[in-house]
Amino acid sequence: MKTESLYQVLEGEKSVKREGKGSYLVGEEAELTIMLDMGHEVLSVNRIRKVLSQGELLVLETHKGERVYVGPDAAVRAVKFAETGAHQIRSAGFSK
């Protein structure tokens with residue numbers, strides 16, 4: 001997926017706000033996961049909070065403050081959005 005296509009996806013989501021040219025902020029009501037083609041394997045970057053373009057680099061910043069720098073040779077294979085909310089279970093599955 002080309003960077004322009006990724007931007008079209010982000011601009012089409014109601015939970016994403018454009019902060020400037022090549023800068024997108026994902027709201028708390030959604031979780032964004034981007035799958036990157038790294039040659040023979042796929043790397044999933046989960047819970048992305050911000051997507052930035054810095055020249056040829058794509059920077060993915062997570063809710064934990066981690067930053068993943070993606071070069072022009074790594075392709076975005078898929079983009080996944082999930083709504084967050086009270087109806088989702090966030091525990092490890094143990095009962096009281």
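Residues numbered from 1 in each chain as written. Predicted model: local features only at pLDDT ≥ 70, side-chain atom pairs only at ≥ 80, totals over all residues. Heavy atoms only, no water.

A. Just the overall build of the chain, in detail. Counting secondary structure elements, the chain contains 1 helix and 7 strands. When the helices and strands of the chain are placed in sequence order, the string is α-β-β-β-β-β-β-β. When the 96 residues of the chain are sorted by exposure, 32% land in the buried category. Total accessible area computed for the chain in this model is approximately 6700 Å², and 48% of it derives from carbon and sulfur atoms. (Helix = DSSP H or I, 4+ residues; strand = E, 2+ residues; numbered from the N terminus. Buried < 20%, exposed > 50% of the residue type's maximum accessible area, 1.4 Å probe, protein only. Areas by Shrake-Rupley, 256 points an atom, 1.4 Å probe, with all protein chains shown as cover.)

B. Structural context of the confidence of the model for the chain. Averaged over every residue, the pLDDT of the chain is 86; residues scoring 70 or more account for 88%. Least confident of the elements in the chain is helix α1 (residues 3-12), whose mean pLDDT is 88; most confident is strand β2 (residues 23-26), at 95. (pLDDT = per-residue confidence, 0-100.)

C. Region of interest: the side chain of S15. With respect to the helices and strands, S15 occurs in the loop between α1 and β1 (16-20). The contact partners of S15, leaving out residues within four places of it in the chain, are L25, V26, G27, E29, A30 and F81. (Contact = heavy atoms within 4.5 Å.)

D. Focus on the layout of surface pockets. In this structure, the largest pocket encloses a volume near 260 Å³. Looking at the lining of the largest pocket, the elements with two or more residues in it are α1, β5 (57-62) and β7 (75-83). When residues of the lining of the largest pocket are assigned to their parent elements, the largest contribution, 3 residues, is made by α1. Here the residues of the lining of the largest pocket are counted per class, giving 10 nonpolar, 4 polar and 3 charged. (1 Å grid on protein atoms, 1.4 Å probe; cavity = no way out; pocket = protein on both sides within 12 Å on 5 of 7 lines; lining within 4 Å. Points joined across faces, edges and corners; volume = space filled by probe spheres on them. Nonpolar A, V, L, I, M, F, W, Y, C, P; charged D, E, K, R; others polar.)

E. Broad picture of the environment of V70. By the element assignment, V70 lies in strand β6 (residues 67-70). Owing to a relative accessible area of 4%, V70 belongs among the buried residues under this scheme. With 16 residues separating them along the chain, V70 and Q54 place their C-alpha atoms 10.0 Å apart. The residues touching V70, leaving out its near neighbours within four places in the chain, are L36, E56, L57, L58 and L60.

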